[in-house]
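Observations on chain architecture
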Amino acid sequence: ATLAALRSGVRSPLAPPKIFKMKKSISLIGMAGAGKSSIGKKLAKHLELDFIDSDLLIEASQKKSLQEVLVENGVEKFKKLEEAALLSVVFNKTILATGGSAIFSKDAMSYIKTNSSVIYIEVPFENILDRVQNFNERGFIKDPSQSIYSAFKDREILYKKSADHIVQNSGEIQACFHQILDFL
């Protein structure tokens, strides 16, 4: 292969197949509306891995929507339920789509980072607003006096700090999906 081809990232057809460099499981983190569940399902199907959505684990265990769980139990209890759901995940060739507030639990994030490669699905704030019509129906945790933008900025710092990799999802899900596949 030429030096130019190596620098461009183009692989020779004679090159051995890429080895899965990451841990055997992947966890997706990011804001509500980032596309974690949609991308996670697509990745799981493509890579032939199991898919788990931690929001669905909470809803199944509580037999209520996330918003109902949050309203009925309050923020602290909701965080404990989310942490328990995340700590219950058995990582075995798994794609995990976390809830947007997973990053508030140090224990859960430590567990996730130990057992999977963590990918932050980064989406510009404007795109999040386009995708999520009503945060009051999403089980979205924030201080009552805090704006959605302020919550977004606070979380963005934690997502970046927790991530092994960061991928953009500001357009089509297919593009984000291929970004992830490129570094696997």
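These notes cover the structure that comes with them.

Conventions adopted
- Residues numbered from 1 in each chain as written.
- Predicted model: local features only at pLDDT ≥ 70, side-chain atom pairs only at ≥ 80, totals over all residues.
- Heavy atoms only, no water.
- 1 Å grid on protein atoms, 1.4 Å probe; cavity = no way out; pocket = protein on both sides within 12 Å on 5 of 7 lines; lining within 4 Å.
- Points joined across faces, edges and corners; volume = space filled by probe spheres on them.
- Helix = DSSP H or I, 4+ residues; strand = E, 2+ residues; numbered from the N terminus.
- Pairing = 2+ DSSP bridges.
- Axes fitted to C-alpha atoms, helices over the stretch in contact; angles between N-to-C directions.
- Contact = heavy atoms within 4.5 Å.
- Core = buried A, V, L, I, M, F, W, Y, C linked by side-chain atoms within 4.5 Å.
- Buried < 20%, exposed > 50% of the residue type's maximum accessible area, 1.4 Å probe, protein only.
- Left-handed = near helix turned anticlockwise from the far one by under 90°.
- Nonpolar A, V, L, I, M, F, W, Y, C, P; charged D, E, K, R; others polar.
- Phe/Tyr/Trp six-rings, centres within 6.5 Å; stacked < 30°, edge-to-face > 60°.
- Lys NZ or Arg CZ within 6 Å of the ring centre and 35° of its normal.

1. Some points on the layout of surface pockets
Quantified by volume, the largest pocket comes out at close to 280 Å³. Around the largest pocket, the lining comprises 22 residues; the ones closest to its centre are A32, G33, K36, D55 and R138. Those elements that provide at least two residues to the lining of the largest pocket are α2 (36–47) and α4 (66–87).

2. Examining the sheet that holds strand β4 (residues 117–122)
Pairing in this open sheet of five strands is parallel, and the strands run β2-β3-β1-β4-β5 from one edge to the other. Edge positions in the sheet fall to β2 (50–53) and β5 (165–168), since each has one partner strand and no second. Within this sheet the neighbouring strands show an average axis-to-axis angle of 20 degrees, counted without direction. Bridge count between β2 and strand β3 (residues 94–97): four bridges; the pairing is parallel. Counted as the bridge partner of I52 is L96 from β3. Of the strands in this sheet, β2 and β3 touch helix α3 (residues 54–62), which is tilted by about 65 degrees from β2.

3. What to know about the nonpolar core
Among the nonpolar cores identified, the biggest contains 42 residues, and L28, L43, I119, I121, F135 and I180 are the most heavily contacted of them. At the level of secondary structure, the elements contributing two or more residues to this core comprise β1 (26–29), α2, β3, α5 (106–115), β4, α6 (125–131), α7 (148–162) and α8 (173–183). Here this core gets five residues from one element, more than from any other, and that element is α8. Apart from residues no more than four positions distant in its own chain, L43 is found in contact with L28, E48, I95, F177, I180 and L181. Judged by nonpolar contacts, the second largest core, of eight residues, contains I58, L66, L70 and A85.

4. Topic: the packing of α3 against α4
Where α3 meets α4, the closest approach of the two axes is 10 Å, and the angle between their N-to-C directions is 115 degrees. Read as a crossing pair, α3 and α4 show a hand that is right-handed. Seen from α3, the contacting residues are S54, D55, L57, I58, E59 and Q62; seen from α4, they are L66, V69, L81, E82, A85 and L86. Counted by class, the contact of α3 with α4 contains seven nonpolar, two polar and three charged residues.

5. A word on the packing of aromatic side chains
Each aromatic ring pair is characterised by the separation of its centres together with the angle its planes make. The final tally for this structure, using the stated rule, is six aromatic pairs. Every member of this aromatic cluster is reached through a ring pair, and the members are F125, Y149 and F152. Between the NZ or CZ atom of K79 and the centre of the ring of F104, over which it lies, the distance is 5.2 Å.

6. Some thoughts on the pairing of β4
Counting buried positions over the six residues of β4 gives six, a clear majority of the element. Every second residue of β4 is oriented toward a common face, with S117, I119 and I121 on one face and V118, Y120 and E122 on the other, all of them buried. Both β1 and β4 contribute to a ladder of four bridges, which runs parallel. In the sheet register, I29 faces β4, and the bridge partner there is Y120. Where β4 lies against β5, four bridges are found, and the strand directions are parallel. Bridging across to β5, I119 finds its partner in H165.

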